[in-house]
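Here is what each chain is made of, one letter per residue.
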Amino acid sequence: MKSIQSNIKKAKDYLNKNDCVGVPTETVYGLAGNAYSDAAVKKIFKLKKRPMNNPLIVHYSDINKVYEDCYVSDNFIKLYKKFCPGPITFILKLKKESKISKFVTNKQKSLAVRFPKHPLLRKLLKNLSYPLAAPSANISTKLSSVQASDVIEEFKSKIKYVLDGGKCKIGVESTIINLLDKPTILRFGGLDISKIEKIIKKKISTRANIKKKIAPGQFPLHYSPGIPLRMNAKKPKNNEAFVLINKKKIDFRNYYYLSKKNDLKQSAKNLYSVLRKIKKDGYKMIAVEKIANKGIGQAINDRLKKASKY
Ligand code: TXA
Ligand code: MG
């Protein structure tokens, strides 16, 4: 208990000095900085090697401070009440008088807002007088981090502190919903679209169905282990690591299980760490078994598809 308090204080001290800190969320680790501070936000982009035109998500402990920064809509309130804190990010209209650094949004008039569920991060947020801008804690285009040691592996000594909250429970990023006009899903993620549709009482279109790109972050290569990856593989070729979601009768050394019983949630939780492990084990190519495109399987397939653009 005492160490929790002192770790939160450590994180807070760094953040107050406009330094970046690794933080745990229920989805993936974030690279956090004071969202009101130009200096802190610029550091995030630099550390991550992220193009400045790719806006960041801002993390709040609850809805109260959001009113200072954004206009809220009925759909937002409904979804907030049902799912927050939790793995959903809302694109809302930014208020002119908001104190959010213009570097967070690349001067756009919208803001991505999220209420993470991890108890440590919630405690930290409640202790701060500002919300936290935090992209996933990885070098741009690379694999996201799902434990503190991944964050350190990504940034080495360039990051001053990581608040260790254990392994992320969900393992893939939040679902992003654009609420600027007709609700649209911009990124599949930890929260099932069908659950969102039940609350909004409408079928929601996904980014794949619309032409206009509003998330500049949707570059073709993303979530990449840094080696070629192919999906829907029936069997591996020579020298390929084979990623599976079902136990096979005969096991080979190059088999890596996301799950042994076709459990999609478990597969999502293990996705990034298994890919990281394969890379470390020295493989130069990855084949992945077909994964059902339903529920969180949609998020897994989305990440694999982008990783396969290598
Ligand atoms: O689960 C998550 O969402 C994690 C944890 C750390 O909270 N964060 C995360 O952040 O995945 P990042 O930066 O890796 O992905 C954020 C995505 C990017 O694709 C970005 O382009 C999009 O959100 N985004 C941010 N602000 C936006 C905006 N105003 N309009 C549209 N898309 C936006
Ligand atoms: Mg990311």
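Whatever comes next refers back to the structure up there.
Rules used throughout
Residues numbered from 1 in each chain as written. Chains lettered and ligands numbered in written order. Predicted model: local features only at pLDDT ≥ 70, side-chain atom pairs only at ≥ 80, totals over all residues. Heavy atoms only, no water. Near = heavy atom within 4 Å. Polar contact = N/O pair within 3.5 Å; in protein donor to acceptor, adjacent residues only side chain to side chain. Helix = DSSP H or I, 4+ residues; strand = E, 2+ residues; numbered from the N terminus. Nonpolar A, V, L, I, M, F, W, Y, C, P; charged D, E, K, R; others polar. Phe/Tyr/Trp six-rings, centres within 6.5 Å; stacked < 30°, edge-to-face > 60°. Buried < 20%, exposed > 50% of the residue type's maximum accessible area, 1.4 Å probe, protein only.

## Here we look at the site of ligand 1
Part 1 of the reasoning: The local shell around ligand 1 holds 26 residues, among which T27, N54, H59, R114 and S174 are the closest.
Part 2 of the reasoning: Note that an oxygen atom of ligand 1 is positioned 2.9 Å from one of the side-chain N or O atoms of S136.
Part 3 of the reasoning: Between ligand 1 and the protein, one listed contact pairs an oxygen atom with a side-chain N or O atom of R187 at 2.9 Å.
Part 4 of the reasoning: Elements with a contribution of two residues or more to the shell around ligand 1: β3 (57-59), β6 (110-114) and β10 (184-187).
Part 5 of the reasoning: Among the elements that line the shell around ligand 1, the one with the most residues is β6, at three residues.
Part 6 of the reasoning: Each residue belonging to the shell around ligand 1 can be placed in one class, and the counts come to 13 nonpolar, nine polar and four charged.

## Let's talk about the packing of aromatic side chains
Where two aromatic rings form a pair, the distance of their centres and the angle of their planes describe that pair.
Part 1 of the reasoning: Under the counting rule described, the total for this entry stands at eleven aromatic pairs.
Part 2 of the reasoning: Centre to centre, the rings of Y60 and F115 are 6.2 Å apart; their planes meet at 40 degrees, and the pair counts as tilted. With a gap of 55 residues between them, Y60 in the loop between β3 and α3 (66-69) and F115 in the loop between β6 and α6 (119-126) connect regions that are remote in the sequence.
Part 3 of the reasoning: Judged by relative accessible area, which is 2%, Y60 ranks as buried.
Part 4 of the reasoning: With a centroid separation of 4.7 Å and 75 degrees between ring planes, the pair formed by Y80 and F115 is classed as edge-to-face.

Keep in mind that these numbers describe shape and distance, not what the molecule does.
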